[in-house]
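Report on the structure
The chain contents come next:
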Amino acid sequence: MGDTGGPPETDMLRAVFDGVGAGLFVIDSTGRITASNPYARQIVGRDEEQLLGADVHDLLHRDADGKDLPREECPAQIVLNSGRPAEGSEEFYLRGDGTLVPIIWAATPLQDVGSPEGAVIVFHNFKKHRDAMEQTAAHLAALEELTARLTMVAESSVLLISTSDMGEALDQLVRLLVPELGDWAVVDLLPEGDTERRMRRVAVHSLGDPGVDESLKGPLPPPSHPSRSALARALRGTRPVMLDDRAQENEPDEPFAHAHRWLFEVLGEGTAVVVPLYSRRKVFGALTVGRIGVGSRHTDAEILVLGDIARRTGLVIESTRLYEQQRDMAVTLQRQLLTPLPQIDHLRFAARYQPAQRAAEVGGDWYDVFLLADGVTTMVIGDVVGHDLHAAAHMAEVRNMLRALAWDRQEPPSGLMRRLDEVMTNTSDAPMATAVIARIEGPDGGPWHLHWVNAGHPPPLLVEPDGNARYLEAGHGPLIGISAALHLGLEWTDALEELPERSTVLFYTDGLVENRHEHLDTGLEKLRGHAMDLNHLGLEDFLDELLIRINPGGDDVALLALRIPERGEGTGDDLAPPQHAHNPATADRGAPGSRVEDTPVRDTSEPDSAPG
């Protein structure tokens, strides 16, 4: 817009045109520029002579790659043709230096008696705003990717700690990784302890045939020493090892490397990353995740995620193995404190011990069967308060006290219980305990009687031959460790019950019938119902099926069962056939009294006691 030297109104319009903070083009009806302001010339990097009379589309309008666009896509032309205003932010102008500048624009037609005589285009340099938008979009994309990776790490952590079966957890882990982080995934574990000598492939998953995945599991060939294979190098450190085409060509010619190379041939050619499964103290194995296809590879972010997942897996493997070691140690200790069952005449006994589910939770549960000096068989079931090594030690202490007191003199169970309470209180720091002490009394061939006393323990269950079952509620008294300690002078009352031939008496600890989800009465009723259903089974199967049906969880459980023979068995020269019973104790323990010369007691855990 040239100087006119015209009236003040014209001068004012000129000042506004030149001073407005936006680029302004005025174009005629053919799209040619008739006027431009300084800000417009600054944005497009061209002087007034270059712009005046030039076609705005041909000179300036380009796509994002700097290429010419069809005239019908030109916003200025569209405004001229339609006679309607328009605006946008997706256009680019070509600057005088050859660079592109993104613009945000608005165009309004100039009308003369209804027909457009031209248009005014107002525009701004949109580069800063567009750059900010692109940067924001890039940040959002990166955040989404990070969220996805963190979600993967979180899901893998939840998966690994949700099961105590490490094999199952690793199977689920490789399924989680495919296809998000690869087309196939494999876990190989190093030997554990002295029983294993070779590394094993324990988990395989791909998008192909599941049968093929299973065929790849099993022991791996031993590596050479030292092996230069990718798997061996990963096992020697804590950093990922990449297996691209070049690295695969350089793999050594040895069976251990061939077993890893076989993964590509079976599951798909491409690249892979091998990450060690490690904790602070040792390496447990390796995770290999592969991508199929030429040029396929993992990004740095994906490798970091796989490394994090592998490290977490190593920590879980270490914790799981430590848990198993502690639990094995606890169970071994508990079984060392138990004893095998004796065979006494025609009476048949069976016992089971099931440890607590939590690691290192040895308990105070015990059972005992032994022959007294007067020829009467004694049955005991008990539970010392506590769930730790102290409880186990106190259990052994109380059991041994009871054996000594029972052998020392002939007396009813109530007298034995009273003396045990006094001795335990005055010579031991053992806490309270519950117990049932019973004598199996009767002549050879029957009838048999159960003579017992109960110190705060769940009542024995009598299952009769016809399948009816009832709890023996009599004989209840206080827990052991209360009366003498508090000088209460409490007593225990003896109870007597005739035991029908072929009936079963079941002693058990509270872990069989108590749990946090239901009332004790419900647990007792379930036990009674199951015992009635299973009474037709042999004594060993009877106990096994009870444990399967009830499936106790949490606390440890001890069971002791007695089955009465038929009337008349054991009279005269009718010798009982050798019995063989399941032995919850360790193999080196002997049944009480079985190693005395000329004893009538036999050890049912010895193989030569089994019937031929």
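Residues numbered from 1 in each chain as written. Predicted model: local features only at pLDDT ≥ 70, side-chain atom pairs only at ≥ 80, totals over all residues. Heavy atoms only, no water.

Here we look at the pairing of strand β7 (residues 184-189)
Among the 6 residues of β7, 6 are classified as buried, and the element is accordingly described as predominantly covered. Pairing analysis gives 6 bridges linking β7 to strand β8 (residues 200-206), with the strands arranged antiparallel. Its bridge partner being in β8, Ala185 is matched across the sheet by His205. The sheet contact formed by β7 and strand β12 (residues 283-292) spans 6 bridges and is antiparallel. Residue pairing for β12: Asp188 is matched across the bridge by Ala286. (Buried < 20%, exposed > 50% of the residue type's maximum accessible area, 1.4 Å probe, protein only. Helix = DSSP H or I, 4+ residues; strand = E, 2+ residues; numbered from the N terminus. Pairing = 2+ DSSP bridges.)

Comments concerning the pattern of salt bridges
The final tally for this structure, using the stated rule, is 31 salt bridges. Between Asp308 and Arg311 there is a salt bridge, with the nearest N and O atoms lying 3.1 Å from each other. Taken as a pair, Asp308 and Arg311 lie in helix α12 (residues 300-337) at a separation of 3 residues, close to a single helical turn. Its relative accessible area of 22% is what places Asp308 among the partly exposed residues. Overall, Arg311 belongs to the partly exposed group, its relative accessible area being 33%. The salt bridge involving Arg439 is made with Asp374; its shortest N-O contact spans 3.1 Å. Taken as a pair, Arg439 in strand β17 (residues 433-441) and Asp374 in the loop between β15 (365-371) and β16 (377-384) lie far apart in primary sequence, 65 residues in all. Through salt bridges that share partners, Asp408, Arg409, Glu411 and Arg419 make up one connected network. (Salt bridge = Lys/Arg side-chain N within 4 Å of Asp/Glu carboxyl O.)

Notes on a negative patch on the surface
A cluster of acidic residues, Asp165, Glu168, Glu324 and Asp328, forms a negative patch at the surface. If you trace the backbone, Glu168 turns up in helix α7 (residues 166-177). Of the residues examined, Glu168 reaches a relative accessible area of 38% and is grouped as partly exposed. (Patch = residues over 30% accessible without salt bridge, like charges linked within 9 Å, V, L, I, M, F, W, Y side chains within 5 Å. Areas by Shrake-Rupley, 256 points an atom, 1.4 Å probe, with all protein chains shown as cover. Lys, Arg positive; Asp, Glu negative; His and termini not counted. Charge placed at Lys NZ, Arg CZ, Asp CG, Glu CD.)

Let's talk about the sheet that holds strand β23 (residues 504-508)
The strand order across the open sheet built from 5 strands is β14-β24-β23-β19-β20, with neighbouring strands paired in antiparallel fashion. Edge strands, defined here as strands with exactly one partner in the open sheet, are β14 (348-354) and β20 (469-471). On average, each strand axis in the sheet is tilted by 15 degrees relative to the strand beside it, whichever way the strands run. Across 3 bridges, the pairing between strand β19 (residues 461-463) and β20 is antiparallel. Paired with Leu462 across the bridge in β20 is Arg470. Contacts from helix α16 (residues 520-534) reach β19, β20 and β23, with the element oriented near 145 degrees to β20. Here helix α17 (residues 539-550) sits on the sheet in contact with β14, β23 and β24 (557-563), set at roughly 25 degrees to β14. (Axes fitted to C-alpha atoms, helices over the stretch in contact; angles between N-to-C directions. Contact = heavy atoms within 4.5 Å.)

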